[in-house]
Amino acid sequence: MTAPTAPAEQLLLLGSDFARHNDYLSRLRLDGLTPASALTQQAISTQHLARSALDIIDALNAQPMHHGSEIRTVYARVRQLAHLAIDTANYLLDAEDILDDTYAGVPVKGDGPLLTYRQALQTANSRLILVRKLTAPGPQDTLTAAELFVTERRRRGEIPPQQPPAFSPAQHAALRAVARGEVTIADGKPYLHRDDWRITLSTLRSLEARGLLVREKCPLWLHDERVHLSADGRRDLAASFGRPPAPARPAARPAPAPQATPSRCL
């Protein structure tokens, strides 16, 4: 039997894989020497996302739990992720076919006028733009499904009580941002791909010191590393779902200034 939070941890891992996939998509260009081969390799990576989502369905099926509306929603979200990955792979393979057919002098889809190779590149690029839009929400969707799964099972008492991991509000927010695929490193400093708040290097280092984060080389332009959750990070973040956030520490009050002793006139 799998651990109660195992499907949530698998979902968070799938979110990291979506972030990696999207990073490489952003650098995929079809004006190189072998654009069709590049599309094939990317499609293989996308098919891995679909298989991972289907594996999560198997992990959900292995859990003894009540299948209420929330859990059914989790199933629906995971199936949607699998279909999304399959559709994405098909768009990539379709773009590859367009380039191969044009190179061989075959009309696209077997009918219509022959495309010039430039026209074929433009058509394939349109598929690539669509793929980027389709897969961009993947990390956020996996985080949402993972949190819904654990929160509902905790509410129903299907997850054994345990001591929650101790995170400051800043650390917990950083872990969630990493799970959403929003944190990279540029010039030695953390870069958050949103504008409503900031993340500090000291917060990242405190989580890295606990073994909860890992860095990988990032293919994005002007970004050096992508930050991912480690296996322990996925476990601890999943264990925090469905629990009230830790209260922020009150700011220390400054000590009162010593009062001067009045001097006596003799």
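The structure we're discussing is the one just above.
The structure displayed is predicted, hence computed values, not measured ones. Chains are numbered independently. Their residues run from 1 in the order of the written sequence. It should be noted that, the model being predicted, local features are given only for residues of pLDDT at least 70 and side-chain atom pairs only at 80 or more, the latter also being counted only at that level, while totals for whole chains, interfaces and linings use all residues. Water and hydrogen atoms play no part in the side-chain values, which are based on all heavy atoms of the structure.

Engineer: Can you explain helix α8 (residues 231-240)? Please cite residues and give values.
Structural biologist: For the exposure calls, accessible area comes from a 1.4 Å probe over protein chains only, and a residue counts as buried if that area is under 20% of its type's maximum, exposed if over 50%, partly exposed in between. The secondary structure listing takes helices from DSSP runs of H or I that are at least 4 residues long and strands from runs of E that are at least 2 residues long, numbered from the N terminus. A large share of α8 lies buried, amounting to seven of its ten residues. Looking only at α8, the buried set comprises G233, R234, D236, L237, A238, A239 and S240. Backbone geometry just downstream of α8 places G242 in the positive-phi region, at approximately 80 degrees.

Engineer: Any chance you could break down the side chain of R153 for me, citing the residues and the numbers?
Structural biologist: Here R153 shows up in helix α5 (residues 138-155). By relative accessible area, which is 2% here, R153 ends up buried. N or O atoms closer than or at 3.5 Å make up a polar contact, with two conditions inside protein: a donor-capable atom paired with an acceptor-capable one, and, for residues adjacent in sequence, both atoms drawn from side chains. From its side chain, R153 meets the backbone oxygen of P64 in a polar contact 3.2 Å long. Residue contacts for R153: discarding those within four places in its chain leaves P4, Q63, P64, M65, I71, E158 and I159. Note on contacts: a residue pair is in contact if any heavy atoms of the two residues lie within 4.5 Å.

Engineer: Hey, could you go over empty space enclosed by the protein for me, with residue numbers and the actual values?
Structural biologist: In this analysis, the protein atoms alone were mapped onto a 1 Å grid. Cavities are point sets where a 1.4 Å probe fits without being able to get out; pockets are open sets with protein on both sides within 12 Å along at least five of seven lines; lining residues have an atom within 4 Å of a point. Grid points are joined across faces, edges and corners, and a volume is the space filled by probe spheres set on the points. Scanning all chains against the criterion turns up one cavity of 30 Å³ or more. Of the pockets and cavities examined, the largest cavity occupies roughly 30 Å³. If you trace the largest cavity, you find it lined by G15, S16, A19, V178, A179, G181, R226, V227, H228 and L229. Mapped by element, the contributors of at least two residues to the lining of the largest cavity are α1 (6-27), α6 (169-179) and β4 (225-229). If you tally residues by element for the lining of the largest cavity, the top one is β4, at four residues. The nonpolar class holds Ala, Val, Leu, Ile, Met, Phe, Trp, Tyr, Cys and Pro. Asp, Glu, Lys and Arg form the charged class, and all remaining residues, Gly among them, are polar. For the lining of the largest cavity, the residue count by class is five nonpolar, four polar and one charged.

Engineer: Account for the pattern of salt bridges, naming residues and giving values.
Structural biologist: Criterion for a salt bridge: a side-chain nitrogen of Lys or Arg within 4 Å of a carboxyl oxygen of Asp or Glu. This structure, assessed with the given rule, holds 13 salt bridges. It is possible to trace a salt-bridge network through shared partners that takes in D17, R20 and E216.

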